[in-house]
Amino acid sequence: MKRLGPGLILALVVGFAFLYLPILALVAYSFNASRLVTVWGGFSTHWYGALLSNQPLLDAAWLSLRLAFVSATLATGLGALAALALARHGRFRGRLLFSGMVLAPLVMPEVITGLSLLLLFVAVDVERGFWTVTIAHATFSLGFACIVVQARLAGFDRSLEEAARDLGATPLVTFWTVTLPLIWPAVAAAWMLAFTLSLDDLVIASFTTGPGATTLPMRLYSAIRLGVSPEINAACTLMIGAVALAVIAASLLLKRGQAVGG
Amino acid sequence: MSAPAAFAARWSRLVVAVPYLWLLLFFLTPFAIVLRMAMSDADTALPPYAPHFEGFATLREFISKLDFENFRLLADDALYWDSYLQSLRLAGQTTLIALAIGYPLAYAMAAAPRHWRPVLLVLVVLPFWTSFLIRVYAWIGILRPEGLLDMVLGGLGLTSEPLRLLNTEAAVLIGMVYSYLPFMVLPLYATLEKLDRSLLEAAADLGATPVRAFLTVTLPLSLPGILAGAALVFIPSVGEFVIPDLLGGPDTVMIGKVLWNEFFSNRDWPLASTVAIVLLIVLVLPLALLQRARLA
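Please read all numbers here as calculations on a predicted model, not as lab measurements.

A. Structural detail: unusual backbone geometry. Although it is not a glycine, Asp125 of chain A sits at a positive phi angle of roughly 60°. Inspection of the secondary structure puts Asp125 of chain A in the loop between helix H5 (110-123) and helix H6 (130-155). Judged by relative accessible area, which is 66%, Asp125 of chain A ranks as exposed. Although it is not a glycine, Arg267 of chain B adopts a positive phi angle of roughly 55°. Along the chain, Arg267 of chain B falls in the loop between helix H13 (255-264) and helix H14 (269-295). In this structure Arg267 of chain B comes out as partly exposed when scored by relative accessible area, which is 45%.

So, in structure tokens, the structure goes:
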């Protein structure tokens, strides 16, 4: 491979600077001792300490984590089943509708997903809160989980499953002892994707939540509307750090899975 | 049927049925409710709203009550026209700018030494994983009066007074390009990376200048990537709510924000539903394009 010309190096530098400088600036200012965002008052972790005493924010963060945990687990289970249905169970009645429903939430504007689910919850008259948001998040991240698992199912050797079946294993035993261990990295990656999607969502949660269930993005959103403050920067920095760790863990998992399963 | 075979059939049905039922209940039903709501009148559909369904006589009555009143209202009011047009225009501009930044970036990534590429790919995707809200917030800090941009430009002596970019259309464009750039770069990179470089050598051997080789070989061959990237940027941009709300000004009325306001501020649920249905209709064409690009 030839070495990159100056023009291409410039394209890389400009592109990545555009992607990363805003985030770096945000992180840098979370360590600013001054409350004024325009003045650099020296290095300080003051704002991280202030976060610890911000009870509403901590409550919202804890709620969001629990919610993301439950909805990601639901979405991954349903998404993996949907992927199995599409990849292994060939033609069944209503397959076209099924694959359409799996993939539609991927491109559906969030305002519409949120509005439609809220109207359902109102129509059946359930109390809105933790569980309605969980269901909403599971529904919209199911499609993402399905795609991740489906890619993995498409990539591995089906004859392994057939061999297990020939040796007398029931479909369920085959699934537990052959299929699941092989698609496991993708399932884990799908779970992490669903988890971050849930943690990140503002619009759908705003529509489907009720009093008493304010998620972290909703809390951040109302704080941001009031203006810039170093405390928000500190909260954002912590979230960026957590996500970066999760992404690195997920990509390592997927890589290991590829090395083992081929 | 033998016992194991019956069991296999049951398992098979279960695998399909569980997610199927979930999606029917939580995707298709809500959607039907939105459609019904869009054709209802504001006074009969105000919350608390309960569906009336008692046999077919009421069904006929129910159907006779549905109308396109809200759609007519939408078509007659310039506000809605303007916001749809503005959304489409801003989404189109976002797509073009993202293409202008994303194409050289994807091209350089595909031309980079092989062992760099996975790292570059992760670097493109990583910002996408951080919260959407955080990325928009980062730009508020940069664009606001006496924010980072003003500081840097003022410090360099390039500007003497604040640029006042925040709460303008330009800020919305910057925010949307920034948020959706990975969606443009990834499909472009995928097609450019597969591109057979010997074709370019052949073009050069036959006397084509690099520019001409790019225009006649690389560009047409990367068209599927361009289409997929454009659709992936355009579609979420049209319905965007957070970015126009936080970075835009009073004159940026994108359709996602209109829907949000109809719902949360005006509490007109039927009209909000109508806005949603029309938004979906607007998106059918780019969605069809995306589908074609994926098949290509």
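B. Broad picture of helix H1 (residues 6-29) of chain A. All names here are of chain A. When the terminal C-alpha atoms of H1 are compared, their 33 Å separation across 24 residues agrees well with the 34 Å that a helix rising 1.5 Å per residue should span. The largest bend in H1 is about 35°, located at Tyr20, with the proline Pro22 one to four residues further on. Within the sequence span of H1, burial applies to Ala11, Leu12, Gly15, Phe16, Phe18, Leu19, Tyr20, Pro22, Ile23, Ala25, Leu26 and Tyr29.

C. Inspection of the nonpolar core at higher detail. Counting residues in each nonpolar core, the largest one holds 171 residues, and the members touching the most others are Phe98 and Phe207 of chain A together with Leu259 of chain B. The greatest single-element share of this core, amounting to 14 residues, is contributed by helix H3 (residues 55-88) of chain A. Once residues lying within four places of it in the same chain are set aside, the contact partners of Leu259 of chain B are Val111, Ile112, Leu115 and Phe207 of chain A together with Ala272, Val275 and Ala276 of chain B.

D. Summary view of helix H4 (residues 78-111) of chain B. Residue and element names in this part refer to chain B. Relative to the 50 Å expected for 34 residues at 1.5 Å per residue, H4 spans 48 Å between its end C-alpha atoms, a close match to the ideal helical length. Maximum bend of H4: about 30°, positioned at Gly102, with proline Pro104 one to four residues after it. For H4, the N-terminal cap is Asp77; the gap from its side-chain oxygen to the backbone nitrogen of Leu79 is 2.9 Å.

E. Representation of the environment of Val243 of chain A in the model. Locating Val243 of chain A in the fold gives a position in helix H11 (residues 230-261). For the pair Val243 of chain A and Ala82 of chain A, spaced 161 residues apart in sequence, the C-alpha separation works out to 27 Å.

F. Up close: a nonpolar patch on the surface. All names here are of chain B. Side chains of Met151, Val152, Leu156 and Leu158 sit close together on the surface and give an oily, nonpolar patch of about 400 Å² of accessible area. Along the chain, the position of Leu158 falls in the loop between helix H7 (148-155) and helix H8 (169-194). A relative accessible area of 60% places Leu158 in the exposed class.

G. A look at the pattern of salt bridges. Tallying each qualifying case throughout the model produces 3 salt bridges over all chains. Its salt-bridge partner being Asp245 of chain B, residue Arg225 of chain A comes within 3.3 Å of it at the nearest N-O pair. Here Arg225 of chain A, found in helix H10 (residues 216-226), pairs with Asp245 of chain B, found in helix H12 (residues 242-247), and the two come from separate chains. Residue classification places Arg225 of chain A among the exposed positions, given a relative accessible area of 52%.

Cut-offs used in this document
Residues numbered from 1 in each chain as written. Chains lettered and ligands numbered in written order. Predicted model: local features only at pLDDT ≥ 70, side-chain atom pairs only at ≥ 80, totals over all residues. Heavy atoms only, no water. Helix = DSSP H or I, 4+ residues; strand = E, 2+ residues; numbered from the N terminus. Buried < 20%, exposed > 50% of the residue type's maximum accessible area, 1.4 Å probe, protein only. Expected span 1.5 Å × (residues − 1). Bend = angle between axes of the 7 residues up to and from the residue. Core = buried A, V, L, I, M, F, W, Y, C linked by side-chain atoms within 4.5 Å. Contact = heavy atoms within 4.5 Å. Polar contact = N/O pair within 3.5 Å; in protein donor to acceptor, adjacent residues only side chain to side chain. Patch = residues over 30% accessible without salt bridge, like charges linked within 9 Å, V, L, I, M, F, W, Y side chains within 5 Å. Areas by Shrake-Rupley, 256 points an atom, 1.4 Å probe, with all protein chains shown as cover. Salt bridge = Lys/Arg side-chain N within 4 Å of Asp/Glu carboxyl O.

So, to be careful, I would describe these as geometric facts and stop short of saying anything about function.
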